[in-house]
There are 2 protein chains.
Amino acid sequence: MANRPAIRPTNAELAILGVLWSNGASTVREVHDALKEARDEAVGYTTILKLLQIMTEKKLVKRDTRARTHVYAAAVSEATTRGHLLSDLVDRAFGGSSLALVLQALSSARATPAELEQIRRLLDERKAPR
Amino acid sequence: MANRPAIRPTNAELAILGVLWSNGASTVREVHDALKEARDEAVGYTTILKLLQIMTEKKLVKRDTRARTHVYAAAVSEATTRGHLLSDLVDRAFGGSSLALVLQALSSARATPAELEQIRRLLDERKAPR
DNA sequence: TGACAGGTACGAAGCGCTTCGTATATTGGC
DNA sequence: GCCAATATACGAAGCGCTTCGTACCTGTCA
């Protein structure tokens, strides 16, 4: 694998990826509008453009330049990215123990019974895997 | 509560807090030595000093200046800090759903049966709380 | 065809984090 | 008393992230 530099998008990048993940491939304007709607204080159009250009260099997004108005698509999956960010936090603040993280998260999370059941099911799967 | 600015230590700060949490109140030299031992590439003595000074301003640590050699102690608890970092990540990358974070963490974590049992117990507690 | 709307490219400023060099004080031992 | 060792204080450089202004290009339409 020549994929060393690990996917660890910054805050602003994450916000943009969020739009691309939920809305699919988008133009700068579409991303800009989506963020303006979702956020309190909006950011300039050229800021989004610049970020998307940088993200293209970093291979976080793919750019289709065939039309005059470029179209951007996420080049990293949501699950993979979340996994990277999670294991990053585990290393930095939980002494490498994802279990410690899970326990901490569970002890403060408000979850519905249905959600707790979902976790329980996952635990069952993991209990007898092989 | 006048504690608005939320505890969100940076990387270097977290490393130092880790030492203070596990070793208790320490001098700059002690922190420096502990980090030198634990890490691959060490950082300069005055770097640790400067960081601790900044962390004192930020109220992340408390400083005892009675002796010539100052003694620093963590001013934030490990659990609280972890909680802040976690909810920060939940907001930034998991759409505000701690459950999504837990599921993601569980699906990639390698945990022993005993640990899984621990989670199960926690789930039971939360199931019928009131 | 000329002006405008809307697109991309790019340089640079501002800020926070991290790092360290250097200046300056204090202490202990000879 | 003096020197070496060891402290703290502080300024500033370097870097990455974020932001935006400005320049420039390209269609459209009256």
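In what follows, the structure referred to is the one given above.
Residues numbered from 1 in each chain as written. Chains lettered and ligands numbered in written order. Predicted model: local features only at pLDDT ≥ 70, side-chain atom pairs only at ≥ 80, totals over all residues. Heavy atoms only, no water.

Colleague: Whenever I open this one, the relation of the copies chain B and chain A confuses me. Can you help?
Modeller: Both copies of the chain are tied together by a single rotation about an axis and a shift running along it. Here chain B sits on chain A after a turn of 180 degrees about the axis and a move of 0.0 Å along it, with an RMSD of 0.1 Å. One copy is carried onto the other by what is essentially a two-fold rotation axis. In terms of proximity to the rotation axis, the leading residue of chain B is valine 102 of chain B, whose C-alpha is 2.9 Å off the axis. (Least-squares fit on C-alpha atoms with pLDDT ≥ 70 in both.)

Colleague: How should I be thinking about the nonpolar core in this particular structure?
Modeller: Side chains of a nonpolar character, in soluble globular proteins, are inclined to be buried together. Residues Leu101 and Ile119 of chain A together with Ile16, Leu101 and Ile119 of chain B are the most contacted members of the largest nonpolar core, which totals 51 residues. With near-sequence residues (within four places) excluded, isoleucine 16 of chain B lies in contact with Val31, Leu35, Ile48, Leu51, Leu52 and Met55 of chain B. Ranked by size, the runner-up nonpolar core spans 17 residues in total, among them Val28, Val31, Ile48 and Val76 of chain A. (Core = buried A, V, L, I, M, F, W, Y, C linked by side-chain atoms within 4.5 Å. Buried < 20%, exposed > 50% of the residue type's maximum accessible area, 1.4 Å probe, protein only. Contact = heavy atoms within 4.5 Å.)

Colleague: Would you explain the sheet that holds strand 3 (residues 71-74) of chain B in this entry?
Modeller: The pairing of strands in a sheet happens through backbone hydrogen bonds and is either parallel or antiparallel. All names here are of chain B. Judged by pairing direction, the sheet is antiparallel, and its 3 strands sit side by side in the order 1-3-2 without closing on themselves. Looking at which strands have only one partner, the edges of the open sheet turn out to be strand 1 (26-27) and strand 2 (61-64). Looking at chain direction, strand 2 and strand 3 are connected through 4 bridges and run antiparallel. Following the sheet pairing, valine 61 is matched in strand 3 by alanine 74. Helix-sheet contacts for helix 1 (residues 11-23) involve strand 1, strand 2 and strand 3, and the interaxial angle to strand 3 is about 90 degrees. (Pairing = 2+ DSSP bridges. Helix = DSSP H or I, 4+ residues; strand = E, 2+ residues; numbered from the N terminus. Axes fitted to C-alpha atoms, helices over the stretch in contact; angles between N-to-C directions.)

Colleague: How should the pattern of salt bridges be read in this particular structure?
Modeller: It is possible for side chains of opposite charge to pair when their charged atoms get near one another. Scanning the entire structure with this criterion turns up 14 salt bridges over all chains. Between arginine 66 of chain A and aspartate 64 of chain A there is a salt bridge, with its nearest N and O atoms 2.6 Å apart. Arginine 66 of chain A sits in the exposed class, given a relative accessible area of 76%. Note that lysine 58 of chain B is salt-bridged to glutamate 13 of chain B, the shortest N-O span being 2.7 Å. A residue pair is termed long-range when its members are at least 10 positions apart, and lysine 58 of chain B in the loop between helix 3 (45-57) and strand 2 and glutamate 13 of chain B in helix 1 qualify at 45 residues. Lysine 58 of chain B sits in the partly exposed class, given a relative accessible area of 46%. One continuous salt-bridge network, built from bridges that share partners, spans Arg8, Asp88 and Arg92 of chain A. (Salt bridge = Lys/Arg side-chain N within 4 Å of Asp/Glu carboxyl O.)

Colleague: Honestly, empty space enclosed by the protein in this entry has me stumped. Any pointers?
Modeller: In this approach, a probe sized like a water molecule rolls over the atoms, and the result shows the empty space that is left. Residue and element names in this part refer to chain A. One pass over the structure, following the stated rule, counts 1 cavity of 30 Å³ or more. When its volume is computed, the largest cavity comes out at roughly 30 Å³. Around the largest cavity, the lining residues are Leu35, Lys36, Arg39, Glu41, Ala42 and Val43. Residues that form the lining of the largest cavity fall into these classes: 3 nonpolar, no polar and 3 charged. (1 Å grid on protein atoms, 1.4 Å probe; cavity = no way out; pocket = protein on both sides within 12 Å on 5 of 7 lines; lining within 4 Å. Points joined across faces, edges and corners; volume = space filled by probe spheres on them. Nonpolar A, V, L, I, M, F, W, Y, C, P; charged D, E, K, R; others polar.)

Colleague: Would you mind going over the protein's contact with DNA strand D with me for this structure?
Modeller: The full set close to DNA strand D counts 22 residues, and Thr10 and Gly44 of chain A together with Arg29, Arg63 and Arg68 of chain B are the nearest of them. Here, DNA strand D places atoms within 4 Å of the protein, and 63% of those atoms are sugar or phosphate. Residue alanine 12 of chain A places a main-chain N or O atom 3.2 Å away from a phosphate oxygen belonging to DNA strand D. Listed by contribution, the elements that provide at least two residues to the surface near DNA strand D are helix 1 (11-23) and helix 3 (45-57) of chain A together with helix 2 (28-38) and helix 3 of chain B. Among the elements that make up the surface near DNA strand D, the one with the highest residue count is helix 3 of chain B (5 residues). Class assignment of the residues belonging to the surface near DNA strand D gives a composition of 6 nonpolar, 9 polar and 7 charged. (Near = heavy atom within 4 Å. Polar contact = N/O pair within 3.5 Å; in protein donor to acceptor, adjacent residues only side chain to side chain.)

Colleague: What exactly am I supposed to notice about the protein's contact with DNA strand C here?
Modeller: Around DNA strand C, 22 residues are found, and the nearest of them are Arg29, Tyr45 and Arg63 of chain A together with Thr10 and Gly44 of chain B. Of everything in DNA strand C that lies within 4 Å of the protein, sugar and phosphate atoms constitute 65%. A distance of 2.9 Å separates a phosphate oxygen of DNA strand C from a polar atom in the side chain of tyrosine 45 of chain A. The dominant element in the surface near DNA strand C, judged by the number of residues it contributes, is helix 3 of chain A, at 5 residues. Of the residues belonging to the surface near DNA strand C, the class tally is 6 nonpolar, 9 polar and 7 charged.

Colleague: Help me out: how do you make sense of unusual backbone geometry in this one?
Modeller: A negative phi holds for most residues other than glycine; trans holds for most peptide bonds. Even without glycine at this site, lysine 59 of chain A takes up a positive phi of about 65 degrees. Since its relative accessible area comes to 64%, lysine 59 of chain A is described here as exposed.

Colleague: Where do I start with the interface of chain B and chain A in this structure?
Modeller: It is common to give the size of an interface as the accessible area that goes away when the parts come together. Residue-level contacts link 36 residues of chain B with 36 residues of chain A. In total, about 3,700 Å² of surface goes out of reach between chain B and chain A, with carbon and sulfur atoms giving 67% of it. Looking at the side of chain B facing chain A, the largest losses of area belong to Arg82, Arg120 and Leu123 of chain B, adding up to 17% of the total buried there. On inspection of chain B and its partner chain A, the count reaches 2 salt bridges. (Buried area = accessible area lost by both parts, 1.4 Å probe.)

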